[in-house]
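One-letter residues, chain by chain:
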Amino acid sequence: MRTAAIIVSVLVFVTLCQGKGDWEFCSSNSECANHCCSSQYSGDGRTKCTPGGSQCNGGGGGGGSKKGDWEFCSSNSDCSNGCCSSQYSGDGKTKCTPGGSQCSGGGGGGGGGGGGGQSGQITYYVCNNGNQGACGGYIGNNDYVTAVGWSMYSNGGACGKKVRLTGPRGTITVTVRDACESCAYGHFDLCQGIFGQIGDPNQGVVPITWAWA
């Protein structure tokens, strides 16, 4: 019995050290294994351990004082993504712009022109599954469409934006029309019918470079 009690205590200790998992409720960054306690993408306004979050609470997490994607800004240093720009804002106002290449001065990265794009990866899914995309409307399996993770989706702010993807087999331009819960920043989930144009479907996950088009 004593041995069993010790084992249980060790397991509890290890669990506490690891921190809470993605989307578990939290009150501070230090509770989360991903170090970000935020209501940014929670959907119900409650704070949860948020993967890829950029509006984290204080208490040990990184980036809590920085503004998140598409928030208004005055310089690159305001933004967790390092780019304050009006490039894709749609209203001419400067916002923290993910993947921006026309960034303001003030310490942000990526402001030196279009460059060769950022590193990322692609996967694919069956788009014509009878469900509408997160941005609204039905999607065909051969449509030039992508789903992106919550950190890029920005509560719908990325809907309709075009992304240029370059893989081993070529380059295509796709439009953000859906969200992918398991995708990190720079991960694009394409419609099954177009995946083969830039990557080998047998690989499943293919590294690419990307840039907003």
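Residues numbered from 1 in each chain as written. Predicted model: local features only at pLDDT ≥ 70, side-chain atom pairs only at ≥ 80, totals over all residues. Heavy atoms only, no water.

Peer 1: Can you explain the overall build of the chain? Please cite residues and give values.
Peer 2: Along its length, the chain carries three helices and ten strands. If you list the helices and strands of the chain from N to C, you get α-β-β-β-β-β-β-α-β-β-β-α-β. When the accessible surface of the chain is split by element, carbon and sulfur atoms take 50% of a total near 10,600 Å². (Helix = DSSP H or I, 4+ residues; strand = E, 2+ residues; numbered from the N terminus. Areas by Shrake-Rupley, 256 points an atom, 1.4 Å probe, with all protein chains shown as cover.)

Peer 1: Explain the pairing of strand E6 (residues 145–148) residue by residue, including any values.
Peer 2: Here E6 shows no split at all, with Val 145 and Ala 147 on one side and Thr 146 and Val 148 on the other all buried. In terms of strand pairing, E6 meets strand E8 (residues 170–179) through four bridges, oriented parallel. Paired with Val 145 across the bridge in E8 is Thr 175. Both E6 and strand E9 (residues 187–191) contribute to a ladder of three bridges, which runs antiparallel. Each bridged residue has a counterpart across the sheet, and for Thr 146 the counterpart in E9 is Leu 190. (Buried < 20%, exposed > 50% of the residue type's maximum accessible area, 1.4 Å probe, protein only. Pairing = 2+ DSSP bridges.)

Peer 1: Give a description of the sheet that holds strand E7 (residues 162–167) that names residues and reports values.
Peer 2: If you trace the six strands once around the closed barrel, you get E5-E9-E6-E8-E7-E10, paired in mixed fashion. Each adjacent strand pair in this sheet contributes to an overall mean axis angle of 45°, direction not counted. Bridge count between E7 and E8: six bridges; the pairing is antiparallel. Looking at the pairing, Arg 164 lines up with Thr 173 of E8. (Axes fitted to C-alpha atoms, helices over the stretch in contact; angles between N-to-C directions.)

Peer 1: Mind laying out the packing of aromatic side chains, listing which residues take part and the relevant values?
Peer 2: Both the distance between ring centres and the angle between the ring planes are used here to describe each pair of aromatic rings. Evaluated as defined, the whole model comprises five aromatic pairs. With centroids separated by 5.7 Å and ring planes inclined at 90°, the aromatic side chains of Trp 210 and Trp 212 adopt a geometry described as edge-to-face. Overall, the relative accessible area of 1% leaves Trp 210 in the buried class. Owing to a relative accessible area of 6%, Trp 212 belongs among the buried residues under this scheme. Through pairs of rings, three or more aromatic residues link up here, namely Tyr 185, Phe 188, Trp 210 and Trp 212. (Phe/Tyr/Trp six-rings, centres within 6.5 Å; stacked < 30°, edge-to-face > 60°.)

Peer 1: Would you mind going over the nonpolar core in detail, with residue names and values included?
Peer 2: Most often, soluble globular proteins keep nonpolar side chains buried together rather than apart. Residues Ile 122, Val 163, Leu 165, Phe 188, Leu 190, Ile 208 and Trp 210 are the most contacted members of the largest nonpolar core, which totals 28 residues. Looking at this core, the elements with two or more residues in it are strand E5 (118–125), E6, helix H2 (150–153), E7, E8, E9, helix H3 (192–195) and strand E10 (206–212). In contact with Trp 210, not counting residues within four places along its chain, are Gly 99, Gly 117, Gln 118, Ser 119, Gly 120, Met 152, Val 163, Arg 164, Leu 165, Tyr 185, Gly 186 and Phe 188. (Core = buried A, V, L, I, M, F, W, Y, C linked by side-chain atoms within 4.5 Å. Contact = heavy atoms within 4.5 Å.)

Peer 1: Describe the state of the cysteines, and please don't skip the residues or the numbers.
Peer 2: Among covalent bonds in proteins, the disulfide is the one between the sulfur atoms of two cysteines. One pass over the full model with this rule turns up three disulfides. Across a sulfur-sulfur distance of 2.0 Å, Cys 135 and Cys 159 are joined as a disulfide pair. Its S-S torsion of approximately -85° makes the covalent link between Cys 135 and Cys 159 left-handed. Highlighted residues: Cys 135 in the loop between E5 and E6 and Cys 159 in the loop between H2 and E7, separated in sequence by 24 residues. Here Cys 135 falls in the partly exposed class, since its relative accessible area comes to 25%. (Disulfide = S-S within 2.5 Å.)

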